[in-house]
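Here is how the chains run, residue by residue.
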There are 2 protein chains.
Amino acid sequence: MKYLHTMVRVTDLDASLRFYCQALGLTELSRKDYPQGRYTLVFLAAPGDETAQVELTHNWDPETYTGGRNFGHLAYAVEDIYAVCERLRQHGVTINRPPRDGRMAFVRSPDQISIELLQRGAALPPAEPWASMPNTGSW
Amino acid sequence: MKYLHTMVRVTDLDASLRFYCQALGLTELSRKDYPQGRYTLVFLAAPGDETAQVELTHNWDPETYTGGRNFGHLAYAVEDIYAVCERLRQHGVTINRPPRDGRMAFVRSPDQISIELLQRGAALPPAEPWASMPNTGSW
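Below, the structure is looked at part by part. (Residues numbered from 1 in each chain as written. Chains lettered and ligands numbered in written order. Predicted model: local features only at pLDDT ≥ 70, side-chain atom pairs only at ≥ 80, totals over all residues.)

## Topic: the relation of the copies chain B and chain A
Here is step 1: After a rotation of 180° and a shift along the axis of 0.0 Å, chain B superposes on chain A with an RMSD of 0.0 Å. Those values place the two copies in the arrangement expected of a two-fold rotation axis. No C-alpha of chain B approaches the rotation axis more nearly than that of Gly68 of chain B, which lies at 2.0 Å.
Here is step 2: The share of interface residues of chain B whose copies in chain A are also at the interface is 100%, consistent with both copies meeting through the same surface. (Least-squares fit on C-alpha atoms with pLDDT ≥ 70 in both. Contact = placed C-beta atoms within 7 Å.)

## What to know about the interface of chain B and chain A
Here is step 1: Contacts between chain B and chain A engage 35 residues on the former and 35 residues on the latter.
Here is step 2: Broken down by secondary-structure element, the contributors of at least two residues to the side of chain B that touches chain A are strand 1 (2-9), strand 4 (49-59) and strand 5 (71-78) of chain B.
Here is step 3: The residue makeup of the side of chain B that touches chain A, split by class, is 17 nonpolar, 12 polar and six charged.
Here is step 4: Relative to strand 1 of chain B, strand 5 (residues 71-78) of chain A runs antiparallel, the two being bridged by six bridges. Its bridge partner lying in strand 1 of chain B, Leu74 of chain A is registered against Thr6 of chain B. (Helix = DSSP H or I, 4+ residues; strand = E, 2+ residues; numbered from the N terminus. Nonpolar A, V, L, I, M, F, W, Y, C, P; charged D, E, K, R; others polar. Pairing = 2+ DSSP bridges.)

## Some thoughts on the nonpolar core
Here is step 1: Of all hydrophobic cores here, the largest spans 64 residues; its most connected members are Tyr76 of chain A together with Tyr76 of chain B.
Here is step 2: Apart from residues no more than four positions distant in its own chain, Tyr76 of chain B is found in contact with Met1, Lys2, Tyr3 and Leu4 of chain A together with Ala46 and Leu117 of chain B. (Core = buried A, V, L, I, M, F, W, Y, C linked by C-beta atoms within 7 Å. Buried ≥ 20, exposed ≤ 12 C-beta atoms within 10 Å, placed from the backbone.)

## Some points on the pairing of strand 7 (residues 114-119) of chain B
Two faces belong to every sheet, and in a regular strand the side chains alternate between them.
Residue and element names in this part refer to chain B.
Here is step 1: Taking burial as the measure, the six residues of strand 7 include five buried ones, the bulk of the element.
Here is step 2: In terms of strand pairing, strand 5 meets strand 7 through five bridges, oriented parallel. Its bridge partner lying in strand 7, Ala75 is registered against Glu116.
Here is step 3: Bridge count between strand 6 (residues 104-108) and strand 7: five bridges; the pairing is antiparallel. Its bridge partner being in strand 7, Phe106 is matched across the sheet by Glu116.
Here is step 4: Between strand 6 and strand 7, which pair antiparallel one after the other, the connecting turn spans five residues, and Gln112 there sits at a positive phi close to 70°.

## Some thoughts on the environment of Asp111 of chain A
Here is step 1: Counting through the fold element by element, Asp111 of chain A comes out in the loop between strand 6 (104-108) and strand 7 (114-119).
Here is step 2: Overall, the presence of 22 C-beta atoms within 10 Å leaves Asp111 of chain A in the buried class.
Here is step 3: Separated by 45 residues in the primary sequence, Asp111 of chain A and Thr66 of chain A place their C-alpha atoms 7.2 Å from one another.
Here is step 4: Here Asp111 of chain A is in contact with Val8, Arg9, Val10, Thr11 and Tyr65 of chain A together with Asn70 of chain B, once residues within four sequence places are set aside.

## So, the sheet that holds strand 5 of chain A
Where strands meet in a sheet, backbone hydrogen bonds hold them as pairs that are either parallel or antiparallel.
Here is step 1: Ordered by their spatial adjacency, seven strands build an open sheet running 6(A)-7(A)-5(A)-1(B)-4(B)-3(B)-2(B), and the pairing between neighbours is mixed. Sheet topology places strand 6 of chain A together with strand 2 (27-34) of chain B at the edges, where each strand pairs with a single neighbour. Adjacent strand axes in the sheet meet at a mean angle of 25°, parallel and antiparallel pairs treated alike.
Here is step 2: Of the strand pairs in this sheet, strand 1 of chain B and strand 4 of chain B are connected by five bridges, and their pairing is parallel. Across the sheet, the residue bridging to His5 of chain B is Gln53 of chain B, located in strand 4 of chain B.
Here is step 3: With respect to the sheet, helix 1 (residues 13-23) of chain B is in contact with strand 2, strand 3 (39-46) and strand 4 of chain B, its orientation differing from that of strand 4 of chain B by roughly 160°. (Axes fitted to C-alpha atoms, helices over the stretch in contact; angles between N-to-C directions.)

## Brief notes about unusual backbone geometry
All names here are of chain A.
Here is step 1: A cis amide bond, omega 10°, links Glu128 with the succeeding residue Pro129.
Here is step 2: Counting through the fold element by element, Pro129 comes out in the segment after strand 7.
Here is step 3: You will see that Arg38, though not glycine, has its phi angle at about 60°, which is positive.
Here is step 4: The residue Arg38 is located in the loop between strand 2 (27-34) and strand 3 (39-46) in this model.
Here is step 5: Residues other than glycine seldom take positive phi values, yet Gln112 does so here, at roughly 70°.
Here is step 6: The residue Gln112 is located in the loop between strand 6 and strand 7 in this model.
Here is step 7: Accessibility expressed as a C-beta count within 10 Å gives 16 for Gln112, which makes it partly exposed.

Right, here's the structure in full:
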């Protein structure tokens, strides 16, 4: 038995790819349009960990996706949590739970999917601007 | 960068473990109670694929978890989709989308998390009772 992917629905495919790929750092593995069903599927994964994927489902007919409490978040280990948070911030992403402890951060996708980032290995030494950055919203 | 887990919140931990472990076939890797925060975390994974996990969060104070459309499903490849669906059914789980094609099925967790099962490799030959089983509900 093998984990394949977590599927999330996305309202705006371009905005979602900016978030998941350019800002968060995942890689686009494949993309396929299904004109008959009027949707596009895009598979993403962390570089070097291609078998555990995220499937983005983009339905062409507009729909706004709200969240529920049964789903919590997706979690990724990263090599440098400060570098990832800085890249997210440069792409306009709010760091809802900044890595004040050098260890853990939370952000949200454009469709409010919560993403947890965890520093691989030992926590980094506290560093600004993160150490004194307050929480924003919920995650 | 590495995928760690998808976190889902569960209302009833025992019912959830029956679903995810006994019926679906995941393995419990670890469990920890946090009395101060009044919650329990349980980490699960597919046997042989222990680094891609599911984190169950059980908050001790009752809460009913509803779903949202932004999250879609978790997907697993299985060795024998008929055997997994039969085991799920024996545990009282409705097969929302039966594997009529020998390839794909959907079920839901007690908290309505949608789970996709995909037959590893080629589809199995059509077989009863699955081939003539109608869909039930949504997934």
